[in-house]
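Results of the structural survey
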Amino acid sequence: MEKNIIGYERMHIMNGEKIAYTISGYSGQHYYPHTLADYAHVIKNYCKNEIPHLPIMAVDSHDCYACDFRCKDCLADETKGWFKNSLHAYSDYQAEFEKYKIALKKIVDYSAECGIHNVRFEMSGEGNPDLYPFRNEIIEYSKKIGMEPVYISSGSKIDDRLLTTLVKYAKYIRISMPGINNESYIKYSGQYRFKFENAIDLIKKLVKMRDDFQRQDDLLIGVRCCLRSDYIDELERVAILLTEDIGVDTFQIVRAIQNENTDNEYISNDVKKILLSLKIKNKVVVPDNLDFYYNRRKNKNLVGNVCFAAKLTPILYSSYLLPCTHTRIIRNLESYINSDLSLYTVPNFCINTNTCKTCCAIKDNTIFTKIYQITSKIIEEGGNPGYICE
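Residues numbered from 1 in each chain as written. Predicted model: local features only at pLDDT ≥ 70, side-chain atom pairs only at ≥ 80, totals over all residues. Heavy atoms only, no water.

**Digging into the pairing of strand S7 (residues 220-226)**
Burial analysis of S7 places 5 of its 7 residues in the buried class, which makes it a mostly covered element. Relative to S7, strand S6 (residues 172-177) runs parallel, the two sharing 6 bridges. Its bridge partner lying in S7, Met177 is registered against Cys225. The pairing of S7 with strand S8 (residues 250-254) spans 5 bridges and is classified as parallel. Opposite Val223, over in S8, you have Phe251 as the bridge partner. For the crossover that starts at S7, traverses helix H8 (residues 235-246) and ends in the parallel S8, the hand is right-handed. (Buried < 20%, exposed > 50% of the residue type's maximum accessible area, 1.4 Å probe, protein only. Helix = DSSP H or I, 4+ residues; strand = E, 2+ residues; numbered from the N terminus. Pairing = 2+ DSSP bridges. Right-handed = clockwise from strand over helix to strand, strands pointing away.)

**Focus: helix H9 (residues 269-279)**
Regarding H9, the residues found buried are Val271, Leu275 and Leu278. End-on view of H9: buried residues confined to an arc of 55°, all on one side of the axis. Exposed side of H9, more than 90 degrees from the buried face: Asn269, Asp270 and Lys273 are the residues found there. For H9, the secondary structure elements touched by its buried residues are H8, S8 and strand S10 (284-285). (Arc of directions from axis to C-beta. Contact = heavy atoms within 4.5 Å.)

**Some details on the nonpolar core**
Counting 100 residues, the largest nonpolar core has Met11 and Leu36 as its most contacted members. The leading source of residues in this core is helix H7 (residues 196-212), at 8 residues. With residues near it in sequence (within four places) discarded, Leu36 still touches Met11, Ile23, Tyr26, Tyr31, Ile367, Phe368, Ile371 and Cys389. Judged by nonpolar contacts, the second largest core, of 6 residues, contains Ile6, Tyr32, Tyr172 and Leu220. (Core = buried A, V, L, I, M, F, W, Y, C linked by side-chain atoms within 4.5 Å.)

**Some points on the packing of aromatic side chains**
Going through the model one piece at a time under the given rule, you end up with 14 aromatic pairs. Judged by centre distance (6.5 Å) and plane angle (50°), the rings of Tyr31 and Phe368 are tilted. Pair noted here: Tyr31 is in the loop between strand S2 (18-24) and helix H1 (36-47) and Phe368 is in helix H14 (residues 362-380), with a separation of 337 residues, a long-range link. For the pair formed by Tyr31 and Phe368, the shared burial category is buried. Their ring planes at 75° and their centres at 6.3 Å tell us that Tyr100 and Phe121 sit as a pair that is edge-to-face. Taken together, the positions of Tyr100 in helix H3 (residues 93-112) and Phe121 in strand S4 (residues 120-123) put the pair 21 residues apart, joining distant regions of the chain. (Phe/Tyr/Trp six-rings, centres within 6.5 Å; stacked < 30°, edge-to-face > 60°.)

Coordinates in, geometry out; function isn't part of it.
If you want it as structure tokens, here you go:
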């Protein structure tokens, strides 16, 4: 079954038959439908000068600023206004639609030069992606040109047509839930029209339609919620409801990102026990670090001085690629494609290394950098590196 790769949580870098290094502590669903080994092979080919450049393996498209939620701890709050005012993109969706398609085709062609013909196309929006007026059309177009659509949304505005389009063409659908009962859902979403019970009904429809389309083996359906102290006691019930009763493939529990004015709170030992017991269940993913409810977004270790994440997994706004949301560097598609990796070193790319240490892509870049370092060393010593995920 293809989607079993989401269970991978470690990758061995091999030197012949010996394990040279093991990367662990990541979630396979984060890269789906790719595996981390796919990224590693690309980096290996780049080290051996067998490809002309690093391809775009995944692009995260932010194509809709409108949102019907007012979520506490919204990840887009820091960037939404700045990019909208700086790029003046998506003020006219009809005019931008053609530019959007051209940008996707250029990305596909750029990656195909390196042998990559299944670019992950993630639609998560700066707002609610359900509200993008050409959502069905852009999903169908992306699939037509060989991309693998990934859709992340609350699902509050998914109508019957979009539901069908998603189940027919998407590779991964993840429903984000601000709360896991009606009270907490209303509290953390900042609205009351779409509640927990509505989200559950939607998820049931997705799973049933996936069965009707016989896509159980390759369409991944997941649910994600933040770890909150006021509904800890309900986590196990909801985990069973989602993974056993309804049949989603993964239930991911994450820590919210701490904003400047957010009070943090220690996770008690009793709560840790609950989370660790849930972790035993194959379809439930819990945070690796269980010190605070909020992720303080401070990474002490910055490995390497090149941002591989900026080249392998950029963000797309209309016809602009954003290598980094924190430094607010904007490149049009042509300048991005024609740029050399040396432009993405920390001194040139970032304001300072502290900016990197608070970046949401720091874990990815740390992993990519480690792969690059170990792979380069094996090649320099005359070996032939390989990669095994498990």
